[in-house]
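Secondary and tertiary structure notes
What follows is the residue order along each chain.
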Amino acid sequence: TTDPLVIFTPSGKRGRFPAGTPVLTAARQLGVDLDSVCGGRGICSKCQVTPSYGEFPKHGVTVEKDALNEFNAVEQRYDDKRGLKPGRRLGCQATVQGDIVIDVPAESQVHKQVVRKAATARAITMDPATRLFLVDVEEPDMHEPTGDFERLKTALKAQWNIEGLTAPLPVLSRLQPALRKGDWQVTVAVHHDHTGSAPRLIDVWPGYYEGGLYGLAIDLGSTTIAAHLCDLVTGEVKASSGIMNPQIRFGEDLMSRVSYVMMNPGGDVEMTGAVRDALNELAKSIAEEAEIDPRAVVEATFVCNPVMHHLLLGIDPVELGQAPFALATSSSVSLDAAELDLSALNAAARVYILPCIAGHVGADAAAVALSEEPQKSDDLMLVVDVGTNAEILLGNKDRVLACSSPTGPAFEGAQISSGQRAAPGAIERVEIDPATKEPRFRVIGSDLWSDEDGFDAATATTGITGICGSGIIEAVAEMRMAGLLDPSGLIGSAEQTGTPRCEPEGRTHSYLIFDGSADGGPRITVTQGDIRAIQLAKSALYAGARLLMDQMGVDTVDRVVLAGAFGAHISPKHAMVLGMIPDAPLDKVTSAGNAAGTGARIALCSLAARSEIETVVGNIHKVETAVEPKFQEHFVNANAIPHATDPFPELAQ
Ligand code: FES
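None of these values were measured; they are calculated from a predicted model. All chains use their own residue numbering, which begins from 1 and follows the written sequence. Side-chain atom pairs in this predicted model are given and counted only at pLDDT of 80 or more, local residue features only at pLDDT of at least 70, and totals for whole chains, interfaces and linings cover all residues.

**What about the overall build of the chain?**
Operational definition: Under the DSSP-based scheme used, a helix requires at least four consecutive residues in state H or I and a strand at least two consecutive residues in state E, with every element numbered from the N terminus. Every radius of gyration here is taken over C-alpha atoms, with the globule rule written as 2.2 Å times N^0.38, N being the number of residues. Exposure classification rests on a simple neighbour count of other C-beta atoms within 10 Å of a residue's own: a residue reaching 20 or more is buried, one at 12 or fewer is exposed, and one in between is partly exposed. C-beta atoms are placed from the backbone. Throughout, a residue-residue contact means that the two C-beta atoms, derived from backbone geometry, are no farther apart than 7 Å.
For the chain, the count of helices and strands is 17 helices and 30 strands. A compact globule built from 653 residues would reach a C-alpha radius of gyration of about 26 Å, and the chain, at 29 Å, matches this within 12%. For the chain, the spread of C-alpha atoms along the principal axes amounts to about 95 × 60 × 55 Å. Across the 653 residues of the chain, 49% fall into the buried class. Put simply, 67% of the contacts in the chain that link residues at least 6 apart link residues at least 24 apart.

In structure tokens form, the structure reads like this:
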């Protein structure tokens, strides 16, 4: 007689196994992705599968009712205590008795697909560096003296085929009490990445550890630091948060921070300390918000521009301030969180910093490439990540160019009279009626527009505090469309525009969006100075994009992706009215949210993605805006709204 046929779905993998083979064993032998933390001890329930019964003409089998064994004692105990969902079996306890079709549900796969929010974005396949394993360790024996760690190593090799484990000091000190408390059974978190270095013990818990493992994906910007706290098993984002980068007090943009170091010996040490303190504060608050023990946060990935990169690592950034803009290292960096003084995570947590493209084009640009994938596109894509330093990528599957452009912090709400970081209370959307010149707006933390019923109640908890980057972009574009601004960016007077909202301010005018002064709140206006700051920022952005188009030898692009860590999303229409981006059909302009942050998240969840971006970065050709004479010319012409010389045919329609 032939052995029973086992068919796994959705993979379609199949094979014959002797009656009595556990489903988990069959899955392993066939290379089916079925999870297990307890190694088949019936404790973790990660191995759950759903058997199907009946006729399967497609597979050529009929599955009888008794194709699997009845519940054994272990599975019965698990079902009594925790309850298995109807139809589910524990793959490690269910044994094959006859031909069978077995479905592996998504949650039982290690390499599960996590769907990203944006409609156009690909899914992330989970492939985390740190995973949990339950092990039984031999008790010590006076006559054969070996250390507890050495016996753990032997057990991991025998039970999980993990070889050459190393352990940093903080974990070693936890090992002995955990082993004894767990009666020689412990759960270990092991970090094993794509770099070929030995697996590391990250933490150890007595018995079966029921908690999760988490990681932080951090976009370290010049003005804003944004972080996602992610579940390393499901890929789910548990909390997101941001704070201002405290290095702002040493200089608003990158070059002023580099000059600060040049003028003040030890300035780099000060700035490194400031940003590391802020990262600890952010890590602490985000874990609190998600109600997660900081000890469960075992990894962090960083994306940042080269100056932030060096200052995070404690490397003097002075070489980045002068040609030829040499990086200390452009490769990805893997290190202990403790080496960066990140004490608000697990004591043995690991950090991965994405590779940099070049001296002015950092790991943040690499992260944008990982997230938006111009290198895989048939269309010619322009990807613009807007921040204090804009990262710009132009290309398709044949060739990708990259540059960064010093836009300054205006797009993040800094240098704007009523500006603020994108946080509850900030105005993020603005519309101005072209006939009445009256504004309506929406505030972060409320779903209602300012002229809708119930608006006050909805914002009562935070009040209205200022205007953020996406709000100021919309405000300036709306002012232009409502005729409050001329093409050179000058705000008209009340007489010229026909609205008292255009108030005199010194020798210029400003436009009043919201007046809360009667209730002790702020007066939020857009001043002439604000318009000038936005003009400078958008000209730099546009000039960078144009420069890449020159190098590529094109006048138009097929698609534009707008990304930025600030605000919810940048409105494509307003970005184009403002002339931030070159003319393109509006339906080909999409908004991607924080693409650099998403890239950090992908790298956090997937070792395959880390390998991929390390290869991709080597093929991206960088263009240096700082030494390119054409940049200045493009910059001057881009000052007008939308532009002095370049046509905007799509906008005219
Ligand atoms: Fe842990 Fe089956 S492998 S319960």
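On we go from here.
**Points about the environment of D277**
Note that D277 resides in helix α6 (residues 267-289). Accessibility expressed as a C-beta count within 10 Å gives 12 for D277, which makes it exposed. Spatially, the C-alpha atom of D277 lies 22 Å from that of N389, the residues being 112 residues apart in sequence.

**What about the domain arrangement of the chain?**
To keep it simple, the criterion reads: An automatic or database domain assignment provides the domain bounds reported here.
Here the chain is described as being made up of domain 1 (5-108), domain 2 (129-206), domain 3 (373-409 + 533-645) and domain 4 (418-526). Every contact between the two is made by 15 residues of domain 3 and, on the other side, 17 residues of domain 4. Counting residues per element, the ones that place at least two in the side of domain 3 that touches domain 4 are α12 (528-552) and α13 (572-578). Ranked by the residues each element gives to the side of domain 3 that touches domain 4, the list is headed by α13, at 4 residues.

**A look at the sheet that holds strand β23 (residues 439-443)**
As a reminder, the rule being used: Here the rule is simple: two strands pair whenever DSSP picks up at least two bridges between them.
Spatially, the 3 strands line up as an open sheet ordered β23-β22-β24, and their pairing is mixed. Every other strand in the sheet has two partners, leaving β23 and β24 (466-467) as the edge strands with one partner each.

**Side note on the sheet that holds strand β30 (residues 620-622)**
Heads up, the rule is: The angle between two axes is taken between their N-to-C directions and runs from 0 to 180 degrees, where each axis is a line fitted to C-alpha atoms and a helix contributes only its stretch in contact.
One open sheet accounts for 6 strands, arranged β29-β28-β19-β20-β21-β30; its pairing is mixed. If you trace the sheet from one side to the other, it starts and ends with β29 (589-591) and β30, each paired once. Adjacent strand axes in the sheet meet at a mean angle of 20 degrees when their direction is disregarded. Here strand β19 (residues 381-386) runs beside strand β28 (residues 559-564); their pairing, made up of 6 bridges, is parallel. In the strand pairing of β28, L382 is matched with V560. Packed on one face of the sheet, α12 meets β19, β20 (390-395) and β21 (400-405) and runs near 155 degrees to β21.

**With respect to the pairing of strand β3 (residues 48-52)**
Here β3 pairs with strand β6 (residues 89-90) via 2 bridges, running antiparallel. Bridged to Q48 within β6 is L90. When β3 meets strand β7 (residues 100-103), the two strands line up antiparallel, connected through 3 bridges. For S52, the partnering residue across the bridge sits in β7 and is V101.

**Focus: unusual backbone geometry**
With an omega of 0 degrees, the peptide bond between T9 and P10 qualifies as cis. Put simply, A323 and P324 share a cis peptide bond, and its omega is 5 degrees. Relative to the helices and strands, P324 is located in the loop between α7 (306-313) and β17 (333-336). The residue S45 is not glycine, and still its phi comes out positive at about 65 degrees. Checked against the element boundaries, S45 lands in the loop between α1 (23-30) and β3. What makes S45 partly exposed here is the crowd of 19 C-beta atoms within 10 Å.

**Remarks on the confidence of the model for the chain**
The condition that has to hold: Per residue, pLDDT captures the predictor's confidence, and it can take any value from 0 to 100.
With 97% of its residues at a pLDDT of 70 or more, the chain shows a mean pLDDT of 92. Of the two predicted TM-score estimates for the complex, the pTM is 0.88 and the ipTM is 0.99.

**Comments concerning helix α16 (residues 629-637)**
For clarity, the cut-off: Arc, as used here, means the arc of the directions from the helix axis to the C-beta atoms.
Within the sequence span of α16, burial applies to F631, H634 and F635. Along α16, the residues classed as buried sweep out an arc of 105 degrees about the axis, all on the same side. Residues P629 and Q632 are exposed on α16 and point more than 90 degrees away from its buried face. In the core, the buried residues of α16 are packed alongside α12.

**Some details on the environment of P406**
If you trace the backbone, P406 turns up in the loop between β21 and β22 (426-432). Residues P406 and G164, 242 residues apart in the sequence, show an inter-C-alpha distance of 46 Å. When sequence neighbours within four positions are dropped, the list of residues in contact with P406 reads D253, N389 and A540.

**Quick notes on helix α8 (residues 363-372)**
Burial analysis of α8 places 10 of its 10 residues in the buried class, which makes it a mostly covered element. Looking only at α8, the buried set comprises A363, D364, A365, A366, A367, V368, A369, L370, S371 and E372. A positive phi of about 55 degrees marks E373, the residue just after α8.

**A word on the nonpolar core**
We count it as follows: Joining buried Ala, Val, Leu, Ile, Met, Phe, Trp, Tyr and Cys residues through C-beta atoms within 7 Å gives a set, and that set is a nonpolar core.
Counting 174 residues, the largest nonpolar core has F302, A366, V384, A402, I427, V476 and L562 as its most contacted members. When residues in this core are grouped by element, the largest group, 11 residues, is from α12. With 23 residues, the next largest nonpolar core counts A26, V61, A67 and V96 among its residues.

**Some remarks on the packing of α8 against helix α15 (residues 607-619)**
Each pair of packed helices gets described by two things: the angle between the helix axes and the distance between those axes. Convention followed: Angles below 35 degrees are treated as roughly parallel, those above 145 as roughly antiparallel, those between 65 and 115 as roughly perpendicular, and all remaining angles as oblique. Working rule for handedness: look at the near helix, and if it is turned counterclockwise from the far one by less than a right angle, call the crossing left-handed; if clockwise, right-handed. Residue polarity is assigned by list, with Asp, Glu, Lys and Arg as charged and Ala, Val, Leu, Ile, Met, Phe, Trp, Tyr, Cys and Pro as nonpolar; anything else, Gly included, falls into the polar class.
Between α8 and α15, whose axes approach to 10 Å, the crossing angle comes to 115 degrees. Between α8 and α15, the crossing angle belongs to the class labelled roughly perpendicular. Regarding α8 and α15, the two cross each other, and that crossing is right-handed. Mapping the contact onto sequence places A366, A369 and L370 in α8 and A609, I613, V616 and V617 in α15. For the contact of α8 with α15, the residue count by class is 7 nonpolar, no polar and no charged.

**A word on the environment of R200**
Relative to the assigned elements, R200 resides in strand β12 (residues 200-206). Placed 14 residues apart in sequence, R200 and V186 show a C-alpha to C-alpha distance of 16 Å. Not counting residues up to four positions away in its chain, the partners in contact with R200 are T166, A167, P168, V190 and H191.

**Points about the pairing of β21**
Taken across its 6 residues, β21 has 6 buried, putting it largely inside the fold. Judged by which residues are buried, β21 turns out to be covered on both faces: V400, A402 and S404 on one side and L401, C403 and S405 on the other are all buried. As defined by bridge partners, β20 adjoins β21 across 6 bridges and the pair is classed as antiparallel. Counterpart to G395 in the pairing with β21 is V400. Counting the residues that bridge the hairpin from β20 to β21 gives 4 residues. With 3 bridges joining them, β21 and β30 adopt parallel strand pairing. Among the inter-strand pairings, L401 is bridged to a residue of β30, identified as H621.

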